[in-house]
Amino acid sequence: MSDPVARPRAARTLLALAAVAVAFAAADTYVVVLSLPDMMGSVGLSVEELQRAAPIISGFLLGYVAMLPLIGRIADLRGRLPVLVGSLLIFGFGSLITAAAYDLPSLVTGRFLQGVGGGGLVPVTLALVADIYPVEKRGVPLGIVGAVQELGSVIGPLYGAVVLAVGDWRDIFWINLAVGLVLAAGIAALPTPVAAPVAESERSPRRLDPIGLVLLALFITALLLVMRQPTSLVTSVRWGGPFVPFGSSTSIWWSQVGLATIGLGLVLLAWLVLAPRPFVDVRDWWRTARQADLTGAGLLAVALGGVILAFATADPQVQVFSDAGPIYLAVAAVAAIGFGLHLRRAASPLIPRGAFARMPAWGSLAVSFFVGSALIAALVDIPVFARVTIYGDSQIKAALVLVEFLIALPVGAVVGGYLSRSLPVGAIAAAGMALSALGFWRMSDWGVDSLHHPSSSVVLVIAGLGFGLALAPVNAALLATTDSAVHGVTSALLVVSRMVGMLIGISALTTIGLRRYYAVSADFPEPSQVCGGKTRCDEYTDLLQGAGVQQLHAIFVGASLCALLAGLLALVLFRGAATRGSSTSALIGIGS
């Protein structure tokens, strides 16, 4: 066990830097809202080929969700600080690949790595709160972490818009790289705020590895040359030869520069594996990963990846899941069954036995799932309602309708964290979700001109505050009823549950909405009957608009029911969560 008050200033500074990192990574989730058309154009895709660009989004989500459990478990075994720094470095490297991307595969690879690094920050930061603060004092910091995470959804599009106003879409990701490196350096420089077990390779001070750092610099330089292919070099008679692919190949990787880059990468990897004291001890990290259960992590990643690809690649306005969705879901089901069998047989499974033994612990996953199912309706369908009724094809104006909701949400998160210090977390979460359910219920009565009235802003604020109120209590219930040795993996699964809830929720709610749309439009007369022989007129457009509004009303009713279910589950399942206990000691696990 650790000294509960060791180095409090370092602990708070660490948590502040981690919270900034979480906010920045969350903003990166939404930063492509405005930059996606430019990103598509830079890799040869037109705006009409939006479906082909879906991997830019789904690749990020895949990295964000599928790798979370493994990262969380590694944080339990190795400590929080190394994983925080490692996640930031992966996020930064992914930003570099994205900024330098020259085709769709390289762009998707960069976004995937950004998802892996950015996603890893959330559960580790939640576990960090539990390491630093005793049970009865976690509410506010958990609320702050939840607030900054949701604040990213507000900052992301605005951040992207500001950068695009003065520069190129690639500048967004160059800035990401710089910020990620600065935050990683700041966290690595801090002293360990509480005593904790440390990996063997971390016990002695790290010495400078000049050979490894030179190899890294050469590799990154060569990689940028391959990916950016500077015009002044490629078109030069003297320097352009190394960029010309061999034979009939058109791949830049099958050129002198490309092969040299691959060679440098292999040499760098060999050095990190074989050198006695490299700047990154790959062997030691590999041992930790194996201890964390790579087989179980792989099976769970396949299961989660199948769900993500089935739903994230579909158009939520017209499809339940993508055309290949049944295949993805079948693969996910097989992997999930294999994962369940593996957990029963493995000596040291990814999710240690008994980790979710207490009712509030597994109950937090159920509540988080339905919170995500309801939340996605706000994030997706409120802007859709705005486009259907008043803004037409203007996605930017439609997205701005969410501003009141997205500002109220982090405010509610901090208030919910404060209230959890003196009130039962189940009651707070239930009250919050009741407010959100009320907001959705009022949205189900919106007419085509409702967004012009101030009352719609009140409804959006109520719904946003409700979701915010539930964030800290759900996190607090989980951390109070699980052991410190599994806070990383359990926090990761909490985030996964919410993300899966969002994906499945949008599918289920879309199904409900589409059925309502088809039921309403089935009684429509032919366009020629309404339009005097024409195929389209304002009168028929109004009929279609009315059907679209009815579709969204059905979705809002479904979201209201999801929110109510989340609140009821929290009220019942969080009864044993002693979040207002008298514990005076923080828990271990931060690492070095």
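Residues numbered from 1 in each chain as written. Predicted model: local features only at pLDDT ≥ 70, side-chain atom pairs only at ≥ 80, totals over all residues. Heavy atoms only, no water.

Colleague: Looking at this structure, how should I read the overall build of the protein?
Modeller: Secondary structure summary: the protein contains 22 helices and zero strands in total. Going through the 592 residues of the protein one by one, you find that 53% of them count as buried. For the protein, the accessible area works out to roughly 25100 Å², and carbon and sulfur atoms hold 67% of it. (Helix = DSSP H or I, 4+ residues; strand = E, 2+ residues; numbered from the N terminus. Buried < 20%, exposed > 50% of the residue type's maximum accessible area, 1.4 Å probe, protein only. Areas by Shrake-Rupley, 256 points an atom, 1.4 Å probe, with all protein chains shown as cover.)

Colleague: Looking at this structure, I do not really get the nonpolar core. What am I missing?
Modeller: The nonpolar side chains of soluble globular proteins are, as a tendency, buried together. Phe-356, Ile-382, Phe-405, Phe-440, Met-443, Phe-467 and Phe-574 are the most contacted members of the largest nonpolar core, which has 123 residues in total. The biggest single contributor to this core is helix H15 (residues 359-391), with 14 residues. Here Met-443 is in contact with Ile-382, Val-459, Leu-460, Ala-463, His-553 and Phe-556, once residues within four sequence places are set aside. Residues Leu-36, Met-40, Val-43 and Ala-53 belong to the second largest nonpolar core, which totals 21 residues. (Core = buried A, V, L, I, M, F, W, Y, C linked by side-chain atoms within 4.5 Å. Contact = heavy atoms within 4.5 Å.)

Colleague: When you look at the side chain of Arg-80 in this model, what are you seeing that I'm missing?
Modeller: Topologically, Arg-80 is positioned in helix H5 (residues 80-100). Relative accessible area serves as the criterion here: at 0%, Arg-80 is assigned to the buried category. Here Ala-75 takes part through its backbone oxygen, which lies 3.2 Å from a polar atom of the side chain of Arg-80. Looking at Arg-80, its side chain comes within polar contact range of the side chain of Asp-131, at 2.7 Å. (Polar contact = N/O pair within 3.5 Å; in protein donor to acceptor, adjacent residues only side chain to side chain.)

Colleague: What is the right way to look at the side chain of Ser-444 in this model?
Modeller: Considering the arrangement of structural elements, one finds Ser-444 in the loop between helix H18 (425-443) and helix H19 (454-480). Aside from chain neighbours lying at most four places away, what touches Ser-444 is His-553, Phe-556 and Val-557.

Colleague: Where do I start with the environment of Ala-577 in this structure?
Modeller: Relative to the elements of secondary structure, Ala-577 occurs in the segment after helix H22 (538-573). In contact with Ala-577, not counting residues within four places along its chain, are Pro-360, Val-425, Ala-477 and Thr-481.

Colleague: How should I be thinking about the packing of aromatic side chains in this particular structure?
Modeller: We describe a pair of aromatic rings using the distance from one ring centre to the other and the angle between the two ring planes. Counted by the stated rule, this structure contains 10 aromatic pairs. Ring geometry for Phe-385 versus Phe-556: centroids 6.3 Å apart, planes at 50°, classification tilted. One end of the pair, Phe-385, is in helix H15; the other, Phe-556, is in helix H22, with 171 residues separating them in the sequence. Taking relative accessible area as the criterion, Phe-385 reaches 0% and is therefore assigned buried. The buried category is assigned to Phe-556, whose relative accessible area is 0%. Grouping aromatic residues by their ring pairs yields a cluster made of Phe-385, Phe-405, Phe-440, Trp-446, Phe-467 and Phe-556. (Phe/Tyr/Trp six-rings, centres within 6.5 Å; stacked < 30°, edge-to-face > 60°.)

Colleague: Any chance you could explain helix H4 (residues 68-78) here in plain terms?
Modeller: Structural remark: α-helix, 3.6 residues per turn; residues separated by three or four positions point the same way. H4 sits mainly inside the fold: 10 of its 11 residues count as buried. Those residues of H4 that fall on the buried side of the exposure criterion are Leu-68, Pro-69, Leu-70, Ile-71, Gly-72, Arg-73, Ile-74, Ala-75, Asp-76 and Arg-78. Following H4 by one or two positions, Gly-79 has its phi on the positive side, about 115°.

Colleague: Could you clarify how one ought to interpret the confidence of the model for the protein in this entry?
Modeller: Detailed conclusions should not be drawn from predicted coordinates in areas where pLDDT is low. When pLDDT is averaged across the protein, the result is 84; 89% of the residues are at 70 or more. Across the protein, H18 holds the top mean pLDDT of 95, while helix H16 (residues 395-400) sits lowest at 66. In the predicted structure, residues 582-592 sits below a pLDDT of 50 and forms 56 contacts with residues beyond four places in sequence or in another chain. (pLDDT = per-residue confidence, 0-100.)

Colleague: Just checking my understanding: could you explain a nonpolar patch on the surface for this structure?
Modeller: On the surface, Leu-158, Leu-400, Val-403, Ile-407, Val-411 and Val-415 cluster together into a nonpolar patch covering about 480 Å² of accessible area. Among the elements that make up the nonpolar patch, the one with the highest residue count is helix H17 (residues 403-419) (four residues). With respect to the helices and strands, the residue Val-415 is situated in helix H17. (Patch = residues over 30% accessible without salt bridge, like charges linked within 9 Å, V, L, I, M, F, W, Y side chains within 5 Å. Salt bridge = Lys/Arg side-chain N within 4 Å of Asp/Glu carboxyl O.)

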